[in-house]
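Structural overview
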Protein chains: 2
Amino acid sequence: MRRSMMVLALGLAAGSACAQSNEPLLLRGMGSFHVGGRVIEITGQPVKEVVFTPGGVPAKMDPNGKYQVEQMYVQYFLPQNRRGKLPLLLWHGGGLTGVTYETKPDGGGGWLTYFIRKGWDTYISDAVERGRAGWTNTLKGDPLFLPVGDPWERFRIGPPGSWNEDKAKRASYPGVQFPIEAYAQFMKQAVPRWLTTDEQIVAAYIELVDKVCPCVVLVHSQSGSFGYKVLEARPEKVKALVAVEPTLGGDRNKVDAIKGTPILVLYGDNAKDHPRWSKIRQGGVDYAAVLKSAGGNIDVVDLPDVGIKGNSHMVMMDKNSDTVADVIQKWLVGKGLAD
Amino acid sequence: MRRSMMVLALGLAAGSACAQSNEPLLLRGMGSFHVGGRVIEITGQPVKEVVFTPGGVPAKMDPNGKYQVEQMYVQYFLPQNRRGKLPLLLWHGGGLTGVTYETKPDGGGGWLTYFIRKGWDTYISDAVERGRAGWTNTLKGDPLFLPVGDPWERFRIGPPGSWNEDKAKRASYPGVQFPIEAYAQFMKQAVPRWLTTDEQIVAAYIELVDKVCPCVVLVHSQSGSFGYKVLEARPEKVKALVAVEPTLGGDRNKVDAIKGTPILVLYGDNAKDHPRWSKIRQGGVDYAAVLKSAGGNIDVVDLPDVGIKGNSHMVMMDKNSDTVADVIQKWLVGKGLAD
């Protein structure tokens, strides 16, 4: 009963995937900026002479002094025909950057152009120490690098044990929507990640929210945790939270603070049965129950339960990404946040 | 005499700086991709258990296996009203990313939107190991990090000895066009750079050129060297090279290969007298003479000599960046590469 109501509410027709329009994009503006971070001081290091380009003229480099650290990069696109009532912020997951939402690995249009076409002022960020945010050797611990096979199973493109370096022997979930022919292109998007920088990342996101919100925040995977933390810190600024395959929910002790903000949580296919994802998903479902019992406004949607099958963890790169975006768009329209 | 002819040829009116139009940008497409790189193998490392998010569900991480390394990131914008006859590729300098050409540190429109508005299919890249290209710990040597004061003098915002941590005591060149009030925002754009990766960077740029050219390549600072190397490797693909404050010229033994490609070299203000830049500039001037005597087609323009004063090394971020872009645009139109 509850499931069929959700199908009705979302107005879904299973298998209604259709490619994005080829109509020109009309922007009233686009641009980028960095936000957040701080300046720290390094002392006691020797001055070096550095040849920046082989064969070039040497320059003196004094490594002592002050350094800019822990800032974040943001790029935005403002459609001429604005229909989203607030800015939409797209936050990427771990080991990745804002590229997550750009062109899909198979060359298809991603969620960035999808939401611009729907009339949203869309802001994509590279979190602290990722991509164009830059990084410094002042962060604690060592960064993590992902072997090319690692996300195949962890992101549920194939089931546990399915990765094989030989493409012909590499199994995927039946009907998986991830463009497996473009997996190598996807892995080129990977960047190192530290496991010690959550606090700095959240601080920079809060500065971003203070700068451009009230807004809608859409998070994925690792940034699920950041989305909840920022919502808890700025419940009056985050007017809706869309959490796509979040790896964590919010703080159960802070549900009262955020119960006025509508939240949509989406999980793809095979999450319920996957040895790791079943725990992650259950954590999210349990958190949602706590929030709901406190009067919160949270919808948890397992995509296969509403007829959308085969989604990997990288929902926005899957072949049916527009169909999933339609679910989000309709939910936002339903909340009065877009026409 | 030669100087006045150049002024005439460029059709310049000194001080004609005007902000970019506020008219909407009409794009027939936009997107991004990664290009180049290779897959390498790591062996003999222990398997780790990693908690990706504090409080999250642990995952096994086997660091052995194959890694994607040395790829490059590219983002492109395709105007509906195309007037550039070929794609225009904007390559950034050392310690920076493609952000160089986006919104200027003071919030003004940068060269990306300038050239889109002029009708160029514009491609901005993050070179190997910079920004959204990603990086791995398999690169040789250590990356270099720039203290916040370092570019102030090296990029000729102020003369040697002018940097001071106290803003009130920080001197700049008289009439400098760099938006000194936004220097801290500029420093947030800095990313680490290795001094060992020229070969990998050039390899990725050649792959990019093979993918999207024939084209016009515009380079800045460190990428001057890359521009010449790629032109020497693909003279039939690079139909014009614009070198903005390049730190190096081309290979004097390869001038015959590239003499069919028109080249414009620009230097900003105070380059002739600066202890380091005078050598860099003289190297470029001497190289141009060698290329010219071999029948090459190269114009060297010192901006102050054509009435454009006060430019720092970061010409595209200076307040008069549109005026300098006009010089480039008119030169390209003069070469028959745009309407």
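Since the structure is predicted, the reported quantities are computational estimates derived from the model, not experimental observations. (Residues numbered from 1 in each chain as written. Chains lettered and ligands numbered in written order. Predicted model: local features only at pLDDT ≥ 70, side-chain atom pairs only at ≥ 80, totals over all residues. Heavy atoms only, no water.)

Here we come to the overall build of chain A. What chain A contains, in helices and strands, is 9 helices and 12 strands. In terms of overall size, chain A behaves like a compact globule, its C-alpha atoms giving a radius of gyration of 21 Å where 339 residues would be expected to give roughly 20 Å. For chain A, the spread of C-alpha atoms along the three principal axes comes to 70 × 50 × 45 Å. Out of the 339 residues in chain A, the part that is buried amounts to 61%. In chain A, of all internal contacts separated by at least 6 residues, the share reaching a separation of at least 24 is 76%. Accessible surface, chain A: about 12400 Å² in total, of which carbon and sulfur atoms supply 51%. For chain A, the separation between the mean place of its 40 positive charges and that of its 35 negative charges on side chains is 3 Å. (Helix = DSSP H or I, 4+ residues; strand = E, 2+ residues; numbered from the N terminus. Rg over C-alpha atoms; globule rule 2.2 N^0.38 Å. Buried < 20%, exposed > 50% of the residue type's maximum accessible area, 1.4 Å probe, protein only. Contact = heavy atoms within 4.5 Å. Areas by Shrake-Rupley, 256 points an atom, 1.4 Å probe, with all protein chains shown as cover. Lys, Arg positive; Asp, Glu negative; His and termini not counted. Charge placed at Lys NZ, Arg CZ, Asp CG, Glu CD.)

This next bit is on helix H6 (residues 222-233) of chain A. All names here are of chain A. Here H6 spans 18 Å end to end across 12 residues, near enough to the 16 Å set by a 1.5 Å rise per residue. Counting buried residues in H6 gives 10 out of 12 residues, a clear majority hidden from the surface. Inspection of H6 places Gln222, Ser223, Gly224, Ser225, Phe226, Gly227, Tyr228, Val230, Leu231 and Glu232 among the buried residues, and these make up the whole buried set. (Expected span 1.5 Å × (residues − 1).)

Before going further, it helps to spend a moment on the state of the cysteines. All names here are of chain A. Applying the stated criterion across every chain, the model contains 2 disulfides over all chains. The disulfide partner of Cys213 is Cys215, and the S-S distance across this bridge is 2.1 Å. Disulfide Cys213 to Cys215: torsion about the S-S bond roughly 75°, handedness right-handed. Take Cys215: its relative accessible area is 0%, and that puts it in the buried class. (Disulfide = S-S within 2.5 Å.)

Residues and elements named next belong to chain B. Its 17 residues place the ends of helix H8 (residues 277-293) 24 Å apart at the C-alpha level, agreeing with the 24 Å of an ideal helix rising 1.5 Å per residue. The inward-facing, buried residues of H8 contact helix H3 (150-154), helix H6 (222-233), helix H7 (255-258), strand S11 (263-267) and strand S12 (298-302). Remark: Gly295 follows H8 within two positions and exhibits a positive phi of approximately 95°.

Let us look at the nonpolar core. Within the largest apolar cluster, 112 residues are counted, with the highest numbers of intra-cluster contacts made by Trp111, Leu218 and Ile328 of chain A together with Trp111, Leu218 and Ile328 of chain B. Setting aside chain neighbours within four positions, we find Ile328 of chain B in contact with Trp111, Phe115, Leu218, Val242, Val244, Leu264 and Leu266 of chain B. (Core = buried A, V, L, I, M, F, W, Y, C linked by side-chain atoms within 4.5 Å.)

Its rotation angle being 180°, the transformation that places chain A on chain B also includes 0.0 Å of axial translation and leaves an RMSD of 0.0 Å. What the rotation and shift describe, once combined, is the action of a two-fold rotation axis. When you check the interface residues of chain A against chain B, 100% turn up at the interface there too, and the contact is symmetric in its surfaces. (Least-squares fit on C-alpha atoms with pLDDT ≥ 70 in both.)

Right, let's get into the packing of helix H5 (residues 198-212) of chain B against H6 of chain B. Residues and elements named next belong to chain B. Remark: H5 packs on H6, axes separated minimally by 10 Å, with the N-to-C direction vectors making an angle of 55°. Accordingly, the angle class assigned to the pair H5 and H6 is oblique. The handedness of the crossing between H5 and H6 comes out as right-handed. Residues Asp198, Ile201, Val202, Tyr205, Ile206 and Val209 of H5 form the contact with H6, whose own contacting residues are Gln222, Phe226, Lys229, Val230 and Ala233. A class-by-class count of the residues in the contact of H5 with H6 yields 8 nonpolar, 1 polar and 2 charged. (Axes fitted to C-alpha atoms, helices over the stretch in contact; angles between N-to-C directions. Parallel < 35°, antiparallel > 145°, perpendicular 65-115°, else oblique. Left-handed = near helix turned anticlockwise from the far one by under 90°. Nonpolar A, V, L, I, M, F, W, Y, C, P; charged D, E, K, R; others polar.)

On to unusual backbone geometry, then. Working note: non-glycine residues mostly have negative phi, and peptide bonds are mostly trans. Pro214 of chain A follows Cys213 of chain A through a cis peptide bond whose omega is 25°. Mapped onto the secondary structure, Pro214 of chain A falls in the loop between helix H5 (198-212) and strand S9 (215-220). One non-glycine residue with positive phi stands out, namely Glu70 of chain B, at about 70°. Considering the arrangement of structural elements, one finds Glu70 of chain B in the loop between strand S5 (65-69) and strand S6 (72-79). Classification of Glu70 of chain B by relative accessible area gives buried; the value is 12%.

A few words now on the packing of aromatic side chains. Under the defined criterion, the tally for this structure stands at 38 aromatic pairs over all chains. Sitting over the ring of Trp277 of chain B, Arg156 of chain B keeps its end group 5.1 Å from the ring centre. (Phe/Tyr/Trp six-rings, centres within 6.5 Å; stacked < 30°, edge-to-face > 60°. Lys NZ or Arg CZ within 6 Å of the ring centre and 35° of its normal.)

With that settled, the discussion passes to the interface of chain A and chain B. Counting residues at the interface gives 81 residues for chain A, matched by 81 residues for chain B. The contact between chain A and chain B buries some 6500 Å² in all, and 61% of this surface belongs to carbon and sulfur atoms. Taken together, the connections running from chain A to chain B amount to 6 salt bridges. With its nearest N and O atoms 2.8 Å apart, the salt bridge here joins Glu102 of chain A to Arg132 of chain B. Joining chain A to chain B, the criterion identifies 29 residue pairs in polar contact (both at pLDDT 80 or more). Tallying contributions element by element places strand S1 (residues 25-35) of chain A first for the side of chain A that touches chain B, with 10 residues. (Buried area = accessible area lost by both parts, 1.4 Å probe. Salt bridge = Lys/Arg side-chain N within 4 Å of Asp/Glu carboxyl O. Polar contact = N/O pair within 3.5 Å; in protein donor to acceptor, adjacent residues only side chain to side chain.)

Detail in the predicted coordinates should be disregarded across regions flagged by low pLDDT. Residue and element names in this part refer to chain A. Across chain A, pLDDT averages 93, with 94% of residues at or above 70. Across chain A, element-level confidence peaks in strand S7 (residues 88-91) with a mean pLDDT of 99 and bottoms out in helix H1 (residues 2-10) with 41. Throughout residues 1-17 the model reports pLDDT below 50, and contacts reaching past four residues in sequence, or to other chains, amount to 22 contacts. Scored as a whole, the predicted complex attains pTM 0.93, and scored at its interfaces, ipTM 0.93. (pLDDT = per-residue confidence, 0-100.)

Another point: the pairing of S7 of chain A. Residue and element names in this part refer to chain A. The alternating pattern of S7 places Leu88 and Leu90 and Leu89 and Trp91 on opposite faces, both of which are buried. Sheet topology places S7 next to strand S8 (residues 122-126); 3 bridges connect them, and they run parallel. Bridged to Leu88 within S8 is Thr122. For the handedness criterion, the β-α-β arrangement of S7, helix H2 (residues 111-117) and S8 is classed as right-handed. By the bridge criterion, 4 bridges tie S7 to S9 in an arrangement that is parallel. The residue of S9 that forms the bridge with Leu89 is Val217. (Pairing = 2+ DSSP bridges. Right-handed = clockwise from strand over helix to strand, strands pointing away.)

We now examine the environment of Lys279 of chain B. As for its position among the elements, Lys279 of chain B is in helix H8. When the C-alpha atoms of Lys279 of chain B and Gly161 of chain B are compared, they prove to be 18 Å apart, with 118 residues separating the residues in sequence.

This part is about the environment of Ser21 of chain B. Residue and element names in this part refer to chain B. Tracing the sequence through the fold places Ser21 in the loop between helix H1 (2-10) and strand S1 (25-35). Here Ser21 falls in the partly exposed class, since its relative accessible area comes to 36%. A polar contact is formed between the side chain of Ser21 and the backbone nitrogen of Glu23, at a distance of 2.8 Å.

This part covers the pattern of salt bridges. Scanning the model with the defined rule gives 33 salt bridges over all chains in all. Of the charged contacts in the structure, one is a salt bridge between Asp121 of chain B and Arg82 of chain B, with a shortest N-O distance of 3.3 Å. Highlighted residues: Asp121 of chain B in the loop between helix H2 (111-117) and strand S8 (122-126) and Arg82 of chain B in the loop between S6 and strand S7 (88-91), separated in sequence by 39 residues. On the basis of relative accessible area, Asp121 of chain B is assigned to the buried category, the value being 3%. In this structure Arg82 of chain B comes out as partly exposed when scored by relative accessible area, which is 38%. Salt bridges linked by common partners bring Arg28, Arg82 and Asp121 of chain A together as one network.

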